[in-house]
Amino acid sequence: MRTSILILSGMSCLFACGAAVAKDDGVPTGKLPAEVAPLHYALQLTIDPRRDRFDGEARIRVKLAKPSDHVWLHAQQMNVRAVRAKDAAGAAVEAKAVTHGDTGVLEVRFAHRLPAQDVELEFDYDAPFNGQLEGVYKVKVGDDAYAVTQMEPVSARLAFPGFDEPRFKVPFDLALTVPVQDVAVANTRPVREEKSADAKWKTIAYATTPPLPTYLVAFAVGPWDVAEAAPIPPNAVRKTALPLRAIGPRGSKDKLAWALEVAPAIVAFYEDYTAQPYPFDKLDLLGAPDFSAGAMENAGLIIYRDAYLLTDAQSAADHYRSVFNIEAHEIAHQWYGDLVTVPWWDDIWLNEAYATWGQAKATSALKPEYHADLEALESRLYAMANDSLLSTRKVRQPILGRGDIETAFDSITYQKGAAVLAMFERWVGDERFRKGMRAYLARRAFGSGSSDDLIETLAEASGKGETFAKAMRSFLDQPGVPLVRSELACEAGKATLTLAQSRYLPYQVMSKDAPRWGVPVCTRFGRGGRSDTQCFLLEQPEQRFDVAGACPDWYLPNADARGYYRFDLAATDLARLGGAIATLSAPEQLVYADAIDSGFRRGSVSAGALLDAMPALAAAQMPQVATALLGRYEWIRAHVADAAMRPALDAWVTRLYAPRLARLGWHRKDGEPGTDTALRTRIAEFLAMVVRDPATRAELGRQGRAALGLDSGSKADLSRADADLRVTALKVAVQDGGQAAFDAAQAAFEASRDTTERYALLAALGATRDTALGARARDYGLSAAVQIGEMGRLYEAQADEPENRAALWQWLTQHFEAYRKRLPPFAQAWLPKTFAPGRCSAAEADEMSAYLAPRAKELIGGDRGLGQTLEGIRQCSALREHVDRKELAEWVAGNAVK
Ligand SMILES: [Zn+2]
């Protein structure tokens, strides 16, 4: 039966703008009612990426658990041409589709009340390819056109009518009709292919998927290159070989080899850890020429930004590391997220924390030279900075609107979540933790599991029961970083440790809450040349513990740096710890540096004391440790030092780091350790961009000019610059090279199809400090030449240069709407942050607030993004007011390079 023709459009207030409950008229804008659930989808889509719209037919088998005269589901920006319904006996039921404004909720209304039974709903529809990289969207590259999908979190409703919530996991049968010359891929293997009578189209039917939520459905159509690898061989966990392919834009085939090469070991690693075979019938890794996130873990078809999948001989060492990490993250999701899915978005941390934690585990095992532990720790410290805002999210944050869903993909979800898993793993031991993880996956395979399910299973495996559960929940259900104050007392050879907890808050930040955590404080005690560790569970505001063994010479209240907390030691104990720094592991050295930095941010460590700690760290081998306090140096230089102090400060820091850079040289050597390469990149960038050291800039400028072909008059060839220094070299060349360099970089950008090269060139264009060229760069970022996923590179580089900030802000106020419109949904909340670097006064916070506060509601999650940004600026301002300039001036005078 055919019913009315409807146009569904608009896209605001998906979740009732702040209410998870149904509105008065009964439209379920939060969760759909529990009485109706999908059982199976059959989707037939006709996709030609050269067109502006696509067509679809969706047949959904639905279970009515109670008698009903209607069904609620999701559909958005979609023209539903017809809806038909059949009852359990196969008889047609008169039905019509009714939209409810722009809620994204669709009602199928039956002519009469149906008894509880299974019914079939069938929709004919067409819809536009999306313009913000969500749902089904298209990307043009030269004359080529590609269609790509991104459904998470709530964009499947742009692609097909359905029950667009993660708790509904059911099988999908997908068929795609596409132009005969295009390649089409989906979640599962193709099982049938037919050509149309005119031989212009082909229809490919794919194998029925295992139960999936709508957000993991994926497909892609276009002139893709496909690189097929040997199937991943069976093993003790998986009985059959697993087909493996990598797919990229036309012409990229050779650049897919490395991603393919590393995949089998990653898959086997998780199979071994989880004791569950890879859950789907093949693994495709697809690099899309434009994509909103880094990558997406669609079941059996992982979609990446192509830059994060492709590699070649010109790639930076750091680029290989990122490709590996992202691949390890997305493959981890095939178990954590895909095999077992969270029932609702308030538990999304489970997916992301697992994948982040699992990725570090896999990387540590398979690529120890990447030092995944240090990388994870650096990310954790970044998350702790966010978690020190009063406006931060909890890991398990209630979902009250779409903004809560889109902003849930932040460092609290990923890095804090992963850190909490790692901390409790350290506390209960790897074996018991793995036992719990295996039990959880086995019990819930192809279904759903919540935080409570996981905590219960882990608590059981840990042997600590409710003590474990309570402690773990304390990190998920309240925001903030614990600050553990620690005091050691020794009497008659017996040592006791008094630990007290409070929330870590930066200088002058006050909170009325007095949160209490269950913190496993694992502590390293050093005696002579040896050390051992002991773990204490700090549950009370203050507790005293006996220390086993003799009184230690020094101690570190975060052994192995696995704890998600900061610590505060008496000055003498901190000094003793500093004296033992060489005996600490690199991650422990990094938490020692953080203790100094976080003390500075609390106002309890002076600028001079912080600078005094730098030389010992600067000598460290690991790049993360050697550069640990450079960010704070930059802050002190920008916000505390005056023009008179800066030259002396810069000379001091240059003398600390330039000799190391000189020893490392200006080019990666054959077979050099990755840590040397990374250190070279970090120091060169710091000296060139922060200190603006003339010698460093001269060398990088030479490399950048050569890459742009400026002095030779030849075409640009970025391989002429060192792969690991290229981004900074191009920035310096454009900053110092005037219009000729800017034009050359722009021409090279437009000629390049390599996304990584394009990112570097865009950053160089953005980094110009010239007034007129800066204006050109800002407008260029909104032009069709720059893809949506690339834009950020340009504006972030602009904002990094103090000379550009006023003009950039002016520009934003004139182009806000055009800029906002191009941002994908989950980038919108963070718009204020992009334009905030360097702002550190109440006046600058007020200026930003006056303009953006009235516009925040136009940005999905804008209130949260703006709130956090403003709070960050105000914290910066308070600290700046507090830091003793006289003490710094004296320090500078006392440490002047002679
Ligand atoms: Zn993820």
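Refer to the preceding data block for the structure.
A brief structural summary.

Running from amino to carboxyl end, helix α6 (residues 411–428) crosses helix α9 (residues 465–476) at an angle of 160 degrees, the nearest separation of the two axes being 10 Å. In terms of their interaxial angle, α6 and α9 are classed as roughly antiparallel. When the axes of α6 and α9 are compared, the crossing they make is right-handed. Contacts between α6 and α9 pair Lys416, Val420, Leu421, Met423, Phe424, Trp427 and Val428 from the former with Thr467, Phe468, Ala471, Met472, Phe475 and Leu476 from the latter. Residues belonging to the contact of α6 with α9 are distributed by class as follows: 11 nonpolar, 1 polar and 1 charged.

Moving on, we come to the packing of helix α14 (residues 630–639) against helix α16 (residues 674–691). Relative placement of two packed helices is described by the angle separating their axes and the distance separating the axes. The geometry of α14 relative to α16 is characterised by a closest axis approach of 12 Å and an angle of 10 degrees between their N-to-C directions. The orientation of α14 with respect to α16, classified from their angle, is roughly parallel. Along its contact with α14, which presents Leu630, Tyr633, Glu634 and Arg637, the element α16 presents Phe686, Val690 and Val691. Class assignment of the residues belonging to the contact of α14 with α16 gives a composition of 5 nonpolar, no polar and 2 charged.

The subject of this paragraph is a negative patch on the surface. Residues Glu634, Glu685, Glu796 and Asp800 make up a contiguous surface patch of negative charge. Counting through the fold element by element, glutamate 685 comes out in helix α16. Among the residues examined, glutamate 685 registers a relative accessible area of 38% and is labelled partly exposed.

Now for the sheet that holds strand β18 (residues 244–248). Strand order in this open sheet of 5 strands is β17-β18-β19-β21-β20, and the pairing throughout is mixed. Looking at the sheet topology across the chains shown, the edges are occupied by β17 (225–228) and β20 (295–296). As paired strands, β18 and strand β19 (residues 283–288) are joined by 4 bridges and run parallel to one another. Pairing of isoleucine 247 across the sheet is with leucine 286, part of β19.

Attention now moves to the coordination of the zinc ion. When a metal carries six donors in an octahedron, the ideal angles between them are 90 or 180 degrees, while four donors in a tetrahedron ideally lie at 109.5 degrees. Every protein donor of the zinc ion is listed here as His329 (NE2), His333 (NE2) and Glu352 (OE), and their distances to the metal cover 2.0 to 2.1 Å. Counting residues between consecutive donors of the zinc ion along the chain gives the motif H-x3-H-x18-E. You can see histidine 329 and its partner histidine 333 sitting in helix α2 (residues 317–333), 4 residues apart, about one turn around the helix. Looking at histidine 329, the relative accessible area reads 8%, which means it is buried.

Cut-offs and rules
- Residues numbered from 1 in each chain as written.
- Predicted model: local features only at pLDDT ≥ 70, side-chain atom pairs only at ≥ 80, totals over all residues.
- Heavy atoms only, no water.
- Axes fitted to C-alpha atoms, helices over the stretch in contact; angles between N-to-C directions.
- Helix = DSSP H or I, 4+ residues; strand = E, 2+ residues; numbered from the N terminus.
- Parallel < 35°, antiparallel > 145°, perpendicular 65-115°, else oblique.
- Left-handed = near helix turned anticlockwise from the far one by under 90°.
- Contact = heavy atoms within 4.5 Å.
- Nonpolar A, V, L, I, M, F, W, Y, C, P; charged D, E, K, R; others polar.
- Patch = residues over 30% accessible without salt bridge, like charges linked within 9 Å, V, L, I, M, F, W, Y side chains within 5 Å.
- Areas by Shrake-Rupley, 256 points an atom, 1.4 Å probe, with all protein chains shown as cover.
- Salt bridge = Lys/Arg side-chain N within 4 Å of Asp/Glu carboxyl O.
- Lys, Arg positive; Asp, Glu negative; His and termini not counted.
- Charge placed at Lys NZ, Arg CZ, Asp CG, Glu CD.
- Buried < 20%, exposed > 50% of the residue type's maximum accessible area, 1.4 Å probe, protein only.
- Pairing = 2+ DSSP bridges.
- Donors = N, O, S within 2.8 Å, 3.2 Å for Na, K, Ca; no water.

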